[in-house]
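As a plain string of letters, each chain reads:
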Amino acid sequence: MNMQALKKNRIRKGDVVVVIAGRDRGKSGKVLSVDPGAGKVVVEKLNMIKRHTKPNPGKNVKGGIVEREASVHASNVQLVCPDCGAQTRVGRKILGDGRKVRICRKCEGVVDK
Ligand SMILES: [Zn+2]
């Protein structure tokens, strides 16, 4: 269990992130899911692994090689700011109406619309 990484990065589902370590370094994609318990995220089309599956006619599963995303550690990705397009750390801000939002540390823009 590593909450630290997620807290630090504050990555959420739907965010566009760039990978900053490992084999897919420099590539970006959309976050498909977040596992806060494990401190991991799944990024669309990144960290693909090949799975060999056996056919299972009962479940209508065809055999073969299936490519799917493997999770990456949240500390290995950084948010891409939807406003300025920079890869950035995430700040926090409380708006006038009391909403807590994430902000881009580069342009101070609000990430959560
Ligand atoms: Zn920005």
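Residues numbered from 1 in each chain as written. Predicted model: local features only at pLDDT ≥ 70, side-chain atom pairs only at ≥ 80, totals over all residues. Heavy atoms only, no water.

Q: Would you mind going over the overall build of the chain in detail, with residue names and values included?
A: A tally of helices and strands in the chain yields one helix and ten strands. Along its sequence from the N terminus, the chain presents helices and strands in the succession α-β-β-β-β-β-β-β-β-β-β. Whereas a compact globule of 113 residues would reach a radius of gyration of roughly 13 Å, the chain reaches 17 Å, over 25% beyond that. In terms of principal-axis extent, the alpha carbons of the chain reach across some 55 × 30 × 25 Å. (Helix = DSSP H or I, 4+ residues; strand = E, 2+ residues; numbered from the N terminus. Rg over C-alpha atoms; globule rule 2.2 N^0.38 Å.)

Q: Describe the sheet that holds strand E2 (residues 28-35), with residues and values.
A: Strands sit in the order E6-E3-E2-E1-E7-E8 across an open sheet of six strands; the sheet is antiparallel. Two strands bound the open sheet, and with one partner strand each, they are strand E6 (72-73) and strand E8 (87-88). Across three bridges, the pairing between strand E1 (residues 16-19) and E2 is antiparallel. Counterpart to Val16 in the pairing with E2 is Lys30. (Pairing = 2+ DSSP bridges.)

Q: Mind laying out the nonpolar core, listing which residues take part and the relevant values?
A: By size, the foremost hydrophobic cluster in this structure holds 15 residues, and its most contacted members are Ile11, Val17, Val41, Val43 and Val77. Elements with a contribution of two residues or more to this core: E1, strand E3 (40-43) and strand E7 (77-80). Look past the residues within four positions of Val17 in its chain and what remains in contact with it is Ile11, Lys27, Ser28, Gly29, Val31, Val43, Val77, Gln78, Leu79 and Val80. (Core = buried A, V, L, I, M, F, W, Y, C linked by side-chain atoms within 4.5 Å. Buried < 20%, exposed > 50% of the residue type's maximum accessible area, 1.4 Å probe, protein only. Contact = heavy atoms within 4.5 Å.)

Q: Talk me through the pattern of salt bridges; I want residue IDs and the actual numbers.
A: Scanning the entire structure with this criterion turns up five salt bridges. Between Asp24 and Lys27 there is a salt bridge whose closest N-O contact spans 3.1 Å. What makes Asp24 buried here is its relative accessible area of 10%. Judged by its relative accessible area of 43%, Lys27 falls in the partly exposed class. Salt-bridge contacts for Asp112 lead to Arg102; the nearest nitrogen and oxygen are separated by 2.8 Å. (Salt bridge = Lys/Arg side-chain N within 4 Å of Asp/Glu carboxyl O.)

Q: Lay out the side chain of Asp24 in plain terms, naming residues and giving numbers.
A: Within the secondary structure, Asp24 is located in the loop between E1 and E2. Not counting the four nearest positions on each side in its chain, Asp24 is found in contact with Val19, Leu46, Asn47 and Met48.

Q: Quick rundown of the coordination of the zinc ion? Include the residues and the values.
A: The protein atoms donating to the zinc ion are Cys81 (SG), Cys84 (SG), Cys104 (SG) and Cys107 (SG), with metal-donor distances spanning 2.2 to 2.3 Å. The site at the zinc ion holds four donor atoms, and with the angles between them running 104 to 113 degrees, its shape is tetrahedral. For the zinc ion, the donor residues sit on a single chain with the sequence spacing C-x2-C-x19-C-x2-C. Here Cys84, found in the loop between E7 and E8, pairs with Cys107, found in the segment after strand E10 (100-104); they are 23 residues apart in sequence, far enough to count as distant. Overall, Cys84 belongs to the partly exposed group, its relative accessible area being 38%. (Donors = N, O, S within 2.8 Å, 3.2 Å for Na, K, Ca; no water. Tetrahedral: all angles 85-135°; square planar, octahedral: opposite > 155°, others 65-115°.)

Q: Pulling in residues and values, what's your account of the pairing of E2?
A: Pairing of E2 with E3, which is carried by four bridges, proceeds in the antiparallel orientation. The partner of Ser33 across the bridge, within E3, is Val42.

Q: Outline the environment of Val43, listing residues and values.
A: If you trace the backbone, Val43 turns up in strand E3. Between the C-alpha atom of Val43 and that of Ile11, which follows or precedes it by 32 residues, the distance is 11 Å. The contacts of Val43, once residues within four sequence positions are left out, are Val17, Gly29, Lys30, Val31, Leu32, Glu69, Val72 and Val77.

Remember, this is a structural readout, not a statement about activity or role.
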